[in-house]
Amino acid sequence: MNALKNNEHRSICARCGGQCCRTRPGIESPERFQAQPDPATALAELLIRREWILETHYGVPYTPGVTAPDPDRIIQYPRPATMSEQSKNSAGITAADDCVYLTPVGCSLAFDSRPRMCRELIPDSCFECETPWGRREAALAWLHHQDIIQAASATLAVQKGSQP
Ligand code: SF4
Ligand code: SF4
């Protein structure tokens, strides 16, 4: 996983009340899983525990000289589930809700264990928080690692199929 400087700002975030964690959790980059001996199994374990889900990104972001625009392509990337997604065991529920890792005193994960989008979000005293690593960057990062997603999805489907 990439090491990022801890940019937590607890006093700003306490005043805000954790709006970013109460809407839709941040997306993780492939590095967390690529660092594991079996990336697909590492992702599948999180999906099976319903702590994480796969979110769908529609289209390939255009990057001159690197990626052509492709509005029909679907890219999936992982992020922690919201409470409602976890209880319904269903990905893609669009309503905003608390992240499963959110507690009354903030995120229960150590900074280095949080998804990359969470780690890169820069708290702003006016609550206009921005991130240099958003959905566009996540889609590009996962574009060539959909094999991990597909293998983890297959493991999840087998596990669901074996449940009574
Ligand atoms: S990063 Fe921004 S949106 Fe998230 S809790 Fe802190 S101030 Fe609020
Ligand atoms: S993982 Fe932590 S920082 Fe990221 S959305 Fe969930 S509670 Fe917030």
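Every value quoted in this text rests on a predicted model; they were computed, and no experiment measured them.

Draft legend 1. Quick peek at the pattern of salt bridges. Applying the stated criterion across every chain, the model contains eleven salt bridges. For Arg-32, the salt bridge identified is with Glu-28, shortest N-O distance 2.7 Å.

Draft legend 2. The arrangement of helix H7 (residues 146-161) in detail. Here H7 is 16 residues long and its end C-alpha atoms lie 22 Å apart, about the 22 Å a rise of 1.5 Å per residue gives. When H7 is considered as a whole, its buried residues turn out to be Gln-146, Ile-148, Ile-149, Ala-152 and Leu-156. When H7 is viewed along its axis, its buried side chains cluster within an angular range of 145° and face the same direction. Opposite the buried face of H7, by more than 90 degrees, sit the exposed residues Asp-147, Gln-150, Val-158 and Gly-161.

Draft legend 3. Expanded view of the site of ligand 1. Neighbouring residues of ligand 1: Ile-12, Cys-13, Cys-16, Gly-18, Gln-19, Cys-20, Leu-121, Phe-127 and Cys-129. Because more than half of its atoms lie within 2 Å of the grid, ligand 1 is assigned to the largest pocket. Taken together, the residues of the shell around ligand 1 sort by class into seven nonpolar, two polar and no charged.

The rules behind each value
- Residues numbered from 1 in each chain as written.
- Chains lettered and ligands numbered in written order.
- Predicted model: local features only at pLDDT ≥ 70, side-chain atom pairs only at ≥ 80, totals over all residues.
- Heavy atoms only, no water.
- Salt bridge = Lys/Arg side-chain N within 4 Å of Asp/Glu carboxyl O.
- Helix = DSSP H or I, 4+ residues; strand = E, 2+ residues; numbered from the N terminus.
- Expected span 1.5 Å × (residues − 1).
- Buried < 20%, exposed > 50% of the residue type's maximum accessible area, 1.4 Å probe, protein only.
- Arc of directions from axis to C-beta.
- Near = heavy atom within 4 Å.
- 1 Å grid on protein atoms, 1.4 Å probe; cavity = no way out; pocket = protein on both sides within 12 Å on 5 of 7 lines; lining within 4 Å.
- Sits in = over half its atoms within 2 Å of the grid points.
- Nonpolar A, V, L, I, M, F, W, Y, C, P; charged D, E, K, R; others polar.

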